Amino acid sequence: MCVLCGQDFVAQVHWTDRHIEDRARASGPAADPGEYQRDRRRDRVHRTVLTNEVLRHYGLRVEDWSGSKYVLRDRKGGTELIQHLGSLWPAAAKLAGRPLDPLDPGLREALSAAHDG
Amino acid sequence: MTVVTGFLGSGKTTLLGRVLSEPSMTNTAVLVNEFGEVGLDHHLLRRVDERTVLLGSGCVCCTTREDLVGALLELLDMDQRGKIPRLDRVVIETTGLADPAPILYTIFTDPVLQHHFSVDLVLTTVDAVNGHLHLDRNPESLKQVAAADKIVVTKTDIAESSTVRGLLPRLGTINPSARILEAAFGEVDVDELFRPGEMGSHAVPESPVAEPHELHDVGETHSVSVTFDGPIDWTAFGIWFSMLLHARGEDVLRVKGLLDVGEAGPIVLNGVQHIIHPPEHLDGWPDEDHDSRIIFITKRIRPEEILGSLDAFQKLLGARPVPRRTEHSVSLP
């Protein structure tokens, strides 16, 4: 990690982040670099909103941290710094004290209730 | 790069020996784990000792095969220095007991290899004579079948034709997304074998093998084919699927599909256990059918659970999951 800007030198792009990189690459070297950043930011905001819908059931929240990482928090002040969705779930399981399973009937009910309401 | 896997004695080496004698395969390098009784004669043959490095998480499929990294880097080096003729393809033959997932993981995560190699095919050989026995007794062979893009049924010359007829539907039921080919004593159409999906992409699902109902269950493994009633939100799907893989990754043997994300072309999704191929955006659909289609092959997870969970996520996904009826046609060649 760079000590000045907190940016990791990430060699590994998680598969859920790949589409942004691909889109930037497809638009070629002449493309506006600002567009890539806006696209990326938009995607991160969208992902944060959606992820929080799921995390609510476990009393957790995730926030974008200056566009480079995400901060995951529980209600007791516990925090974890995470890089992408791949590292979110283990960190969330640690904070929640139980595994987060999309097949869990409790979560399914909570999401369906939010949908109906 | 092609990964050839298959249970002990299922004819991997015989098949390779046959295939490598084709002139079109001259610029192919071969990595094998062991020199078997059937000698392979090829100028780019390398032997690698299976050396695995288990990562902190302790999950078997997320292990790095250091031997493979070393061997592939060496090949790359020789190729780029011009010491060997230009490499077209690398074939990796696994041991009979190997799980193919770590090989994929190694290639997708290595900082150098991921930019130079891509896996176009996983080929699995199944012995027509002992296939049923292997599938009954060995979870490894089940994983190998589930991981396959193409399945080659070998030894059809010495097997009873009734056994072969029984085996083909069983393989199709375990892995409806794989194409099944038959080979007697390694005799197989090389072009057909190494040609990736019609799109030049590795992950276009073939139309599922004839089964009048959409939910397939073979003992503990299940497969379900799903579509959605509209375009889905790729970010939401990423959240759902990464969560599923974290919680139940070892029970998700395979996932393969095309997803309509509201753009001109679909996203190709292909995963073996935790290991997801880099998702690919296509510029257009491969055929007339522009609906999402995705096949999940699972162990211990019932199809209703997958559908129920996707249904609960429908507000985030932006579309409702619908079990997909498979066509009554057989896509066997």
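Residues numbered from 1 in each chain as written. Chains lettered and ligands numbered in written order. Predicted model: local features only at pLDDT ≥ 70, side-chain atom pairs only at ≥ 80, totals over all residues.

### What about the interface of chain A and chain B?
Link 1 in the chain: Taken together, the contact between chain A and chain B spans 27 residues of the former and 27 residues of the latter.
Link 2 in the chain: Those elements that provide at least two residues to the side of chain A that touches chain B are α1 (18-26), α2 (33-55), α3 (85-96) and α4 (105-116) of chain A. (Contact = placed C-beta atoms within 7 Å. Helix = DSSP H or I, 4+ residues; strand = E, 2+ residues; numbered from the N terminus.)

### Considering the sheet that holds strand β3 (residues 79-82) of chain A
Residue and element names in this part refer to chain A.
Link 1 in the chain: The three strands lie next to each other as β1-β2-β3, forming an open sheet whose pairing is antiparallel. The open sheet terminates on both sides in strands that have one partner only, identified here as β1 (61-65) and β3. Strand-to-strand, the axes of this sheet are offset by a mean angle of 25 degrees, without reference to chain direction.
Link 2 in the chain: Strand direction decides the pairing type here: strand β2 (residues 69-73) and β3, joined by four bridges, are antiparallel. (Pairing = 2+ DSSP bridges. Axes fitted to C-alpha atoms, helices over the stretch in contact; angles between N-to-C directions.)

### Quick look at helix α10 (residues 303-312) of chain B
Link 1 in the chain: If you check which residues of α10 of chain B are buried, you get E305, I306, S309, L310 and A312 of chain B. Buried residues in α10 of chain B, looked at end-on, bunch into an arc of 160 degrees, giving them a common side. (Buried ≥ 20, exposed ≤ 12 C-beta atoms within 10 Å, placed from the backbone. Arc of directions from axis to C-beta.)

### Here we look at the environment of P99 of chain A
Link 1 in the chain: Within the element layout of this structure, P99 of chain A appears in the loop between α3 and α4.
Link 2 in the chain: Considered as a pair, P99 of chain A and W89 of chain A are ten residues apart in the sequence and their alpha carbons are 8.2 Å apart.
Link 3 in the chain: In this structure P99 of chain A touches A93 of chain A together with A247 of chain B, once residues within four positions along its chain are discounted.

### Regarding unusual backbone geometry
Link 1 in the chain: With a phi close to 45 degrees, S66 of chain A is a non-glycine residue in the positive phi region.
Link 2 in the chain: The topology assignment puts S66 of chain A in the loop between β1 and β2.
Link 3 in the chain: Phi is positive for R300 of chain B, which is not a glycine, with a value near 70 degrees.
Link 4 in the chain: Locating R300 of chain B in the fold gives a position in the loop between β16 (293-299) and α10.
Link 5 in the chain: Under the C-beta neighbour-count criterion, R300 of chain B is labelled exposed, with 12 such atoms within 10 Å.

### Examining the confidence of the model for chain B
All names here are of chain B.
Link 1 in the chain: For chain B, the mean per-residue pLDDT works out to 77, and 79% of the residues sit at or above 70.
Link 2 in the chain: Looking across chain B, the model is least confident in strand β4 (residues 52-54), with a mean pLDDT of 49, and most confident in helix α9 (residues 234-248), with 93.
Link 3 in the chain: Confidence drops under a pLDDT of 50 for residues 327-333, and excluding neighbours within four residues, the segment shows 13 contacts in the predicted structure.
Link 4 in the chain: Reported confidence for the predicted complex is 0.90 by ipTM and 0.78 by pTM. (pLDDT = per-residue confidence, 0-100.)

### Observations regarding the environment of A183 of chain B
Link 1 in the chain: Within the secondary structure, A183 of chain B sits in strand β9 (residues 179-183).
Link 2 in the chain: Contacts of A183 of chain B, omitting those with residues within four sequence positions, involve L15, V152, V153, T154, T156 and V188 of chain B.

### A closer look at the packing of α2 of chain A against α9 of chain B
Link 1 in the chain: Orientation of α2 of chain A relative to α9 of chain B, taken along the N-to-C sense of each, is 45 degrees, at an axis distance of 10 Å. One element, α2 of chain A, and the other, α9 of chain B, form an angle in the oblique class. The two elements α2 of chain A and α9 of chain B meet at a crossing, and its hand is right-handed. Contacts from D43, H46, R47, L50, T51 and V54 of chain A of α2 of chain A reach α9 of chain B at T235, A236 and I239 of chain B.
Link 2 in the chain: Looking at side-chain class alone, the contact of α2 of chain A with α9 of chain B contains four nonpolar, three polar and two charged residues. (Parallel < 35°, antiparallel > 145°, perpendicular 65-115°, else oblique. Left-handed = near helix turned anticlockwise from the far one by under 90°. Nonpolar A, V, L, I, M, F, W, Y, C, P; charged D, E, K, R; others polar.)

### Side note on the domain arrangement of chain B
All names here are of chain B.
Link 1 in the chain: According to the domain assignment, chain B contains domain 1 (2-194) and domain 2 (215-323).
Link 2 in the chain: In this assembly, 18 residues from domain 1 lie in contact with 15 residues from domain 2.
Link 3 in the chain: Put simply, the parts of the chain that give the side of domain 1 that touches domain 2 at least two residues each are α3 (101-109), α6 (139-147) and α7 (161-174).
Link 4 in the chain: Residues belonging to the side of domain 1 that touches domain 2 are distributed by class as follows: 13 nonpolar, three polar and two charged. (Domains from an automatic or database assignment.)

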